[in-house]
Amino acid sequence: MTVTRPARLTGAALCGALALVIVVWLLRDLAAFGSPADLGWYWAGDHAFLLRSRSATSLLDPLLLVAYAATAVAALRSSLAAPALAAAGAVTLALRLPGLWATGVEALVTTLLTLALATGLVVTAALGRRDASERPARPRTAPAVAAGVLCAVAAVAWVAWEVHWARDLPVEATVDRFTGGRSLLLPALAVPPAWLNLMLAALFLAAAGSAFVRAPHARPLGLLAGLLLAGGGLAGVATALRTGGWAGHLAGLDETGRLTFATSAYGLLAGAAVLVLSAVRGAPHPAARGPVAALPPAPPHPRPPGW
């Protein structure tokens, strides 16, 4: 199944609109912080700037900006346009849903607009399909299995962390981690941490499952999962290095801190590996190898006169 040209153009335009919404908020945050580096460290988890200014965006926003740009390119040029559009739309719907009960008119309007555009991506991917003799290539076995294992381990780790926090924190704090309650000083567009972790775990599981069965949509899902996994891991590792380097940082951490750092390091390395493995070209479908050239019919035997 491929996507019609109008659907490709519509999907690319919707991705561009989603990216534009994020760019507007990023420019607003840059004006408030005055320095891209300060804003970047804020996204990474260093909130030393909290008393001076507060970001409306979080680390998820620049990562989604990259995802929308890549999806727009795939919509215009790739045979995997339909699954790429569907994956970007579904992930956006899952991650932005808590914004419906966020405080602030601007954040609510942004959430409604984002959800409408994401729904448009999913509808475009579903209705813009057409039958074609050339089907998307399935991922190759070895890269797909390797990426699936890495994503599955990440999903287990993310769920385990939420179980840990649910056991150690009071009930009110646990609820706030899902709803973004006032006890959490979150940016206006930020996704509540528990909701974010569970939605990421669901994405990692979906990417792992599709990779194990070598589904054609495994590569777009893997690229999206790898991007979010590597981005979160990079932020954690960068913040750790900034506060004293590997040895100095680890020496002063308790067991929970060391596990947190190990999770970030795994996210960075595994996410980068999943990106590389998912970018490997798929195996050509047997139907896409092309028909064998037709041969002229063999002459009858014996040959008629004048053959």
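Data block above holds the structure.
Parameters at a glance
- Residues numbered from 1 in each chain as written.
- Predicted model: local features only at pLDDT ≥ 70, side-chain atom pairs only at ≥ 80, totals over all residues.
- Heavy atoms only, no water.
- Patch = residues over 30% accessible without salt bridge, like charges linked within 9 Å, V, L, I, M, F, W, Y side chains within 5 Å.
- Areas by Shrake-Rupley, 256 points an atom, 1.4 Å probe, with all protein chains shown as cover.
- Salt bridge = Lys/Arg side-chain N within 4 Å of Asp/Glu carboxyl O.
- Helix = DSSP H or I, 4+ residues; strand = E, 2+ residues; numbered from the N terminus.
- Buried < 20%, exposed > 50% of the residue type's maximum accessible area, 1.4 Å probe, protein only.
- 1 Å grid on protein atoms, 1.4 Å probe; cavity = no way out; pocket = protein on both sides within 12 Å on 5 of 7 lines; lining within 4 Å.
- Points joined across faces, edges and corners; volume = space filled by probe spheres on them.
- Nonpolar A, V, L, I, M, F, W, Y, C, P; charged D, E, K, R; others polar.
- Core = buried A, V, L, I, M, F, W, Y, C linked by side-chain atoms within 4.5 Å.
- Contact = heavy atoms within 4.5 Å.

Even after reading the chapter, I still don't get a nonpolar patch on the surface, so can you show me in this structure?
The grouping of Leu-97, Leu-100, Trp-101, Leu-108 and Leu-112 at the surface amounts to a nonpolar patch, some 410 Å² of accessible area in total. Among the secondary structure elements, Trp-101 is positioned in the loop between α4 (81–96) and α5 (105–127).

Even after reading the chapter, I still don't get the pattern of salt bridges, so can you show me in this structure?
Once the charged atoms of two side chains with opposite charge are near each other, the side chains can pair. Throughout the structure, instances matching the rule amount to three salt bridges. Between Arg-96 and Asp-61 there is a salt bridge, with its nearest N and O atoms 2.6 Å apart. Of this pair, Arg-96 sits in helix α4 while Asp-61 is found in helix α3 (residues 60–77), placing the two residues 35 residues apart along the sequence. Neither Arg-96 nor Asp-61 differs from the other in exposure class; each is buried. Note that Glu-162 and Arg-177 form a salt bridge whose closest N and O atoms lie 2.7 Å from each other.

I keep staring at the layout of surface pockets and nothing clicks. Help me out?
Where empty space is left can be seen by rolling a probe of water-molecule size over the atoms. The calculated volume of the largest pocket comes to roughly 1,400 Å³. Around the largest pocket sit 46 residues that line it, and Ala-44, Gly-45, Pro-193, Leu-196 and Asn-197 are the ones nearest its centre. Within the residue set of the lining of the largest pocket, elements represented by two or more residues are α2 (36–44), α3, α6 (141–168), α7 (171–179), α8 (193–212), α9 (218–242) and α11 (255–279). For the lining of the largest pocket, the element with the highest residue contribution is α9, accounting for eight residues. In terms of residue class, the lining of the largest pocket is built from 26 nonpolar, 17 polar and three charged. The wall of the second largest pocket is formed by 35 residues, among which Ala-102, Leu-186, Pro-187, Ala-188 and Leu-189 lie closest to the centre. Of all the secondary structure elements, the ones that give two or more residues to the lining of the second largest pocket are α1 (5–33), α3, α4 and α5. At seven residues, α1 tops the list of elements feeding residues into the lining of the second largest pocket. Here the lining of the second largest pocket is built from residues that sort into 20 nonpolar, nine polar and six charged.

What exactly am I supposed to notice about the nonpolar core here?
Soluble, globular proteins show a tendency: their nonpolar side chains are buried together. If you look at the biggest cluster of nonpolar residues, it comprises 47 residues, and the most contacted ones within it are Leu-121, Cys-151, Trp-158, Leu-203 and Phe-204. Considering every element that reaches this core, the biggest residue donor is α1, with eight residues. Among residues more than four places away in sequence, those in contact with Phe-204 are Cys-151, Ala-154, Ala-155, Trp-158, Ala-225 and Leu-229.

Explain the environment of Tyr-42 to me, please; I cannot follow it from the model alone.
When you line up the elements, Tyr-42 lands in helix α2. The buried category is assigned to Tyr-42, whose relative accessible area is 3%. Tyr-42 sits 197 residues away from Thr-239 along the chain, and the two C-alpha atoms are 9.6 Å apart.

Honestly, empty space enclosed by the protein in this entry has me stumped. Any pointers?
For the structure on display, the rule yields one cavity of 30 Å³ or more. Taken as a whole, the largest cavity holds about 110 Å³ of empty space. Forming the boundary of the largest cavity are 14 residues, of which Pro-139, Ala-144, Arg-219, Leu-277 and Ser-278 lie nearest the centre. Of all the secondary-structure elements, those providing two or more residues to the lining of the largest cavity are α6, α8, α9 and α11. Looking at which element gives the most residues to the lining of the largest cavity, the answer is α6, with four residues. Broken down by class, the residue content of the lining of the largest cavity amounts to ten nonpolar, two polar and two charged.

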